[in-house]
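Okay, here's what each chain looks like letter by letter:
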Amino acid sequence: MRGGLRWPNGPFQVLCVLAAVLTTAAFSSQLSFAGHSGREPMPDKPNLGSLGERLNANTIAIVSGNPNATYLSIAYDLSDVLDDGDNFRILPVIGKGGGQNIRDVRFLKGIDLGITQSIILDEFRASNEIGNIDDKIDYVAKLFNEEMHVVVRADSGITSIAQLDGKKVNFSDVGSGSQLSSRDIFRRLGIRPLEVNMGQGDAVAKLKSGQLAATILIAGKPAGLMGKLRASNGLRFLPVQFSKPLQADYLPAVLSHADYPGMVAEGHDVNTIAVSAVLICYNWPRNSDRYRRIANFVDRFFPKLSELQKPPHHPKWRETNLAAVLPGWNRFPAAAEWLKQHQPTRPAVAGIRERFDKFLMGRSGEPNGEAERDRLFQEFLDWQARERQ
């Protein structure tokens, strides 16, 4: 006896116990089934085909950059602000950067938008390496400026980029905006470093060990890995002067203590240069599904720019001016039409003009040419952002 029960000791008794167990299990199963098939019916299965069609119809993919740069943060911000369940979704795609992004927008199936640099668009047009893109690539909006970060060892004795001539310098990943723009900058300046290509993490390690003279990243400040660097670890930013060969297509910029407190001492800004980042798309026919997707994106993105310009989103959004023009390139028709329909009122235009005049006070001379006007306006946007802080 154990607990008042007698264990069966014969074949017949064993069979009776097994039969009772099976009957109980079957009855429990019937009760459970009756509970779902009677007063509480099982819900109908969702129409997965319809769900899949809706997701595919309302998702737009944007190719960005690697985690060390700014593009991926910008793409994620768009997803954070614009996503609306199954009704609309932004899919950020990690990319190789500005150069490859143009190729991906031009040729890669499933890619709707991409971020690149204005100077690289011009280079692709001039080289014709992927054919004539004048009627293939449109821009949606100019986004922000990307600053050139040149990192060297503090004990290297290098004080100007001219001293990088003949030395090993990392131009970042192959196909990236950093690589292609760095080539253009050094070519214009007549400097010939020995180009190597690797991610910034590996480059910083080789820089510290003396295997590299410098590593370069062109990205909107504050940028990924650059924000993790420390002057106390023997590194510093190398200044880049806004010299005459660069003035037609680049902009003056600074890296400040506020941008990189671990690398720049307070009150000791580092001069550098910048290039414009731009959001591009393929020039789809108006009656196509892909055109509809991008038009839908425009209708959601443009009205919510002010939300993107608030923390915790990337501070570079504060530089974005949707009305800014990219000279020589066509704006995506749906974007141009949206801007035409939402032109600022006269009082708003007057207010902008008044603030721009205030910004120009103390400056000498009038803007000389389209590039100069664009440069001054970008400086004006930076000034406005500082005034709001």
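Please read all numbers here as calculations on a predicted model, not as lab measurements.

(A) Just unusual backbone geometry, in detail. Of note, the bond from K221 into P222 is cis; its omega dihedral lies within 30 degrees of zero at -10°. Tracing the backbone shows P222 in the loop between β7 (214-219) and β8 (235-237). Cis peptide bonds are those with omega within 30 degrees of zero, and the linkage from P311 to P312 qualifies with 10°. Structurally, the position occupied by P312 is in the loop between α9 (305-308) and α10 (333-341). Positioned with a positive phi, N128 is a non-glycine residue whose angle comes to about 60°. The exposure class assigned to N128 is partly exposed, which follows from its relative accessible area of 46%. The phi angle at S172 is positive, at roughly 75°, despite the residue not being glycine.

(B) Molecular detail of the environment of H313. For H313, the position within the fold is in the loop between α9 and α10. In this structure H313 comes out as buried when scored by relative accessible area, which is 12%. C-alpha of H313 to C-alpha of D77: the two residues are 236 residues apart in sequence and 6.1 Å apart in space. A distance of 2.8 Å separates the side chain of H313 from the side chain of D80, its partner in a polar contact. Only 3.1 Å separates the side chain of H313 from the backbone oxygen of K310, close enough to count as a polar contact.

(C) Highlighting the packing of aromatic side chains. In this structure the tally under the stated criterion is eight aromatic pairs. Each ring, one from F171 and one from F186, has its centre 5.6 Å from the other, and the planes form 15°; the classification is stacked. Residue F171 is located in the loop between β5 (168-170) and α6 (177-189), and its partner F186 is located in helix α6; the two are separated by 15 residues in the primary sequence. Residues F171 and F186 agree in their burial class; the two are buried. Over the face of the ring belonging to W329 we find R125, whose NZ or CZ atom lies 3.8 Å from the ring centre.

(D) Up close: empty space enclosed by the protein. This model, assessed by the stated rule, comprises two cavities of 30 Å³ or more. One number sums up the size of the largest cavity: a volume of about 110 Å³. Lining the largest cavity are 16 residues, and of these A69, G97, S176, G177 and S178 sit closest to its centre. Taken together, the residues of the lining of the largest cavity sort by class into four nonpolar, nine polar and three charged.

(E) Local environment of the nonpolar core. Formed by 40 residues in total, the largest nonpolar core has its most connected members in L121, M148, V150, L164, F186, I216 and I280. Looking at this core, the elements that each hand over two or more residues are β1 (59-63), α4 (98-107), α5 (118-127), β4 (137-153), α6, β7 and β10 (270-282). Ignoring sequence-local partners within four residues, the contact set of L164 consists of V150, I158, V169, F186, I191, P193, A213, A214 and L238.

(F) Representation of the environment of Q179. Summarising the element assignment, Q179 is placed in helix α6. In this structure, the C-alpha to C-alpha distance between Q179 and N197, residues 18 residues apart in sequence, is 7.9 Å. Once residues within four sequence positions are removed from consideration, Q179 is found in contact with F171, D173, V174, E195 and N197. At 3.0 Å, the side chain of Q179 forms a polar contact with the side chain of E195.

(G) Inspection of the pattern of salt bridges at higher detail. The tally for this structure, following the rule as stated, stands at 16 salt bridges. The salt bridge partner of K136 is D135, with a shortest N-O separation of 3.1 Å. Take D135: its relative accessible area is 42%, and that puts it in the partly exposed class. Through salt bridges with shared partners, a single ionic network connects D184, R187, R188 and D249.

(H) Looking closely at the packing of helix α8 (residues 289-301) against α10. Remark: α8 packs on α10, axes separated minimally by 9 Å, with the N-to-C direction vectors making an angle of 30°. As summarised for this structure, α8 and α10 are arranged roughly parallel, according to the angle between their axes. Considering how the two elements wind past one another, α8 and α10 form a crossing that is right-handed. The segment α8 lies against α10, with Y291, A295, V298 and D299 engaging P333, A334, A335 and W338. Along the lines of polarity and charge, the residues of the contact of α8 with α10 split into seven nonpolar, no polar and one charged.

(I) Looking closely at α5. Listed in full, the buried residues belonging to α5 are S118, I119, I120, L121 and F124. Turning to α5, the residues buried within the fold contact α4, β3 (113-117), β4, α6 and β10.

(J) Summary view of the side chain of D173. Relative to the elements of secondary structure, D173 occurs in the loop between β5 and α6. At 3.5 Å, the side chain of D173 forms a polar contact with the backbone nitrogen of G199. Those residues in contact with D173 that sit more than four places away from it in its chain are N66, Q179, N197, M198 and G199.

Procedures and definitions
- Residues numbered from 1 in each chain as written.
- Predicted model: local features only at pLDDT ≥ 70, side-chain atom pairs only at ≥ 80, totals over all residues.
- Heavy atoms only, no water.
- Helix = DSSP H or I, 4+ residues; strand = E, 2+ residues; numbered from the N terminus.
- Buried < 20%, exposed > 50% of the residue type's maximum accessible area, 1.4 Å probe, protein only.
- Polar contact = N/O pair within 3.5 Å; in protein donor to acceptor, adjacent residues only side chain to side chain.
- Phe/Tyr/Trp six-rings, centres within 6.5 Å; stacked < 30°, edge-to-face > 60°.
- Lys NZ or Arg CZ within 6 Å of the ring centre and 35° of its normal.
- 1 Å grid on protein atoms, 1.4 Å probe; cavity = no way out; pocket = protein on both sides within 12 Å on 5 of 7 lines; lining within 4 Å.
- Points joined across faces, edges and corners; volume = space filled by probe spheres on them.
- Nonpolar A, V, L, I, M, F, W, Y, C, P; charged D, E, K, R; others polar.
- Core = buried A, V, L, I, M, F, W, Y, C linked by side-chain atoms within 4.5 Å.
- Contact = heavy atoms within 4.5 Å.
- Salt bridge = Lys/Arg side-chain N within 4 Å of Asp/Glu carboxyl O.
- Axes fitted to C-alpha atoms, helices over the stretch in contact; angles between N-to-C directions.
- Parallel < 35°, antiparallel > 145°, perpendicular 65-115°, else oblique.
- Left-handed = near helix turned anticlockwise from the far one by under 90°.

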